[in-house]
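Listed below, chain by chain, are the residues.
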Amino acid sequence: MEYHLSKRIPVEEGYDLVVAGGGPAGCAAAICASRLGAKVLLVEATGCLGGMGTSGLVTAFDPMANGEMMVVGGFMREVVEAMYERGFLPSYVTPEFWRRLYHRWTPFNAEGLKLLLDELAAEAGVEVRFFTKAVEADVDSETRRVNGVVLHNVDGFTLVRAQTYIDATGDAILSELCGADYLEAGRDTEHIMPPTLCALVGGVAWDRIELDAITPKGQQAAIEQAVDAGFFSQPDRHVPGMFRSGETVGFMNAGHVFHMNAVKNKSLSQGMMQGRRLAWEYLRFYQQHMDGFQHAEMVTTGALMGVRESRRVVGEYQLSFADYLARRRFPDQIAIFAKAVDIHVYDCTEEQYRRYYEEFHDSGRLAPGEWFGIPYRILVPKGWQNLWVAGRCASSDIQVHGSIRVQPAAAMMGQAAGTAAVQAMNFGETACSLDTDRLVDSLRQQGAVLPETP
Ligand SMILES: Cc1cc2nc3c(=O)[nH]c(=O)nc-3n(C[C@H](O)[C@H](O)[C@H](O)COP(=O)(O)OP(=O)(O)OC[C@H]3O[C@@H](n4cnc5c(N)ncnc54)[C@H](O)[C@@H]3O)c2cc1C
């Protein structure tokens, strides 16, 4: 049965750019575009900026250097440096973590990131609307132009018209509403990377804990033993684990919610409940099996499910694993990156754990000093004029998605999309026919690390 909803709603005009989603990609896009002079509206479904890093409690930035140099520049570099200056990184973290070290994560305080992003958005003049969702789009599907986006919040529905639009929702919500093509999650319908509901744990005696013992590798023997003893409700051998993110606080990334579909509400709702149950289960594991966690206590679980993969838009180019293996450099490169392919187990079999481990540690892994390029065209839904995607839903195959799905890469894509949108307006260009030399110049001026490409 269907019900036809027809409703008169107010229209707002005058924006240059609407960004849907305030995670690392959306914040970078909105703030950088606003700094370049655009009138920007940033709409975010939750009550804070930061996306997975704050509402999802993923309180660590993935590696930003390759053992020789920092490959992540621009807005993301500004954020991590400011977090350090303001004391929002744990005291054991030094600038070497993000400026030089090979495959080193940088943990942070989630409330610090929320505050910093609020301030950066306000300083740049971005209008932020929290608790606001993009729920429909007005498009001309012939010419592939977006005319407006319908938003919903406590004030009701509004149609907002702008010249340009960026989808930074992680799940490609705006692209789907516009009718852009996308791929569903997974290598196939059976093999979808499971999410994890992350948590913050307090009362950890970090000074008593040998940090090597608590790395995914260091703790593996204890996990295997507990799995064999039937401690967990599912025999999952892949546990990223517990990471020190404060003096007594740990960020817990443990417990896969297998076969959950992030873009089906029923599945997502059940997944949240299972995620909370698993979080408690893993807390008990740490309390009972790992030294230093005896007095650990649950502080909170994420308000957002930790979705690792859902939709990927079909872009003007699809970045592929072959590009990654070739350490490909692109003339329209908007970022470079150096993270391994990280695709979690699809189920609890030993075969899956082996597959994950080999893929992460062996299969073409970038050596110190190496990097690959991220081209502009993966940010443009195929054929669209004034719509861009940035972050987790950008156009790539499933393997390279396992590398670029993380916060620093999302932020670099966001900065590039925001800059491209402003350039398109200023020079009368479209998303799919943009002068990418000009874009690359502009990104370099904003501090992006973009070595000359032959
Ligand atoms: C369990 C887990 C562990 C991870 N570990 C790390 C790690 O250690 N380091 C790292 O760097 N990365 C890590 N990642 C990856 C990383 O956190 C995300 O992939 C990254 O945040 C993606 O950025 P994004 O901006 O594309 O999307 P998100 O961070 O997901 O942000 C999307 C935002 O859009 C909002 N939104 C959604 N729909 C709408 C709508 N219709 N209207 C308005 N707003 C909407 C959401 O509320 C959200 O705030 C991890 C991810 C997971 C799930």
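Residues numbered from 1 in each chain as written. Predicted model: local features only at pLDDT ≥ 70, side-chain atom pairs only at ≥ 80, totals over all residues. Heavy atoms only, no water.

Enquirer: Would you mind going over the pairing of strand β16 (residues 372-375) with me for this structure?
Expert: Successive residues of a regular strand alternate their side chains across the two faces of the sheet. Of the two faces of β16, the one lined by Phe 372 and Ile 374 and the one lined by Gly 373 and Pro 375 are each fully buried. Pairing geometry for strand β15 (residues 333-337) and β16, over four bridges, is antiparallel. Following the sheet pairing, Phe 337 is matched in β16 by Phe 372. (Buried < 20%, exposed > 50% of the residue type's maximum accessible area, 1.4 Å probe, protein only. Helix = DSSP H or I, 4+ residues; strand = E, 2+ residues; numbered from the N terminus. Pairing = 2+ DSSP bridges.)

Enquirer: What is the right way to read the site of the ligand from this model?
Expert: The environment of the ligand is formed by 37 residues, the closest being Glu 44, Ala 60, Asp 62, Arg 392 and Arg 405. The backbone of Pro 24 places a nitrogen or oxygen atom 3.4 Å from an oxygen atom of the ligand. Between the ligand and Trp 105, the relevant distance is 3.1 Å, taken from an oxygen atom to a side-chain nitrogen or oxygen of the residue. Coverage of the ligand by the protein amounts to 95% of the 1,000 Å² it exposes when considered alone. At the level of elements, α1 (24-35), β3 (60-61), β6 (133-140) and α11 (407-427) are the ones that each hand at least two residues to the shell around the ligand. Top contributing element to the shell around the ligand by residue count: α11, with three residues. Its residues assigned to classes, the shell around the ligand comprises 18 nonpolar, 13 polar and six charged. (Near = heavy atom within 4 Å. Polar contact = N/O pair within 3.5 Å; in protein donor to acceptor, adjacent residues only side chain to side chain. Areas by Shrake-Rupley, 256 points an atom, 1.4 Å probe, with all protein chains shown as cover. Nonpolar A, V, L, I, M, F, W, Y, C, P; charged D, E, K, R; others polar.)

Enquirer: Explain the sheet that holds strand β10 (residues 199-202) here, please?
Expert: Strands in a sheet are paired, the pairing made by backbone hydrogen bonds, and the direction either parallel or antiparallel. What the four strands build is an open sheet, ordered β11-β12-β10-β13; its pairing is antiparallel. The open sheet has two free edges, formed respectively by β11 (241-244) and β13 (297-301), since each of these has just one partner strand. Pairs of neighbouring strands in the sheet enclose a mean axial angle of 30 degrees, with direction left out of account. Pairing analysis gives four bridges linking β10 to β13, with the strands arranged antiparallel. In the strand pairing of β13, Ala 199 is matched with Thr 301. Most of the contacts of helix α7 (residues 265-289) go to β13, to which it runs at about 155 degrees, and overall it touches β10, β11, β12 (250-253) and β13. (Axes fitted to C-alpha atoms, helices over the stretch in contact; angles between N-to-C directions. Contact = heavy atoms within 4.5 Å.)

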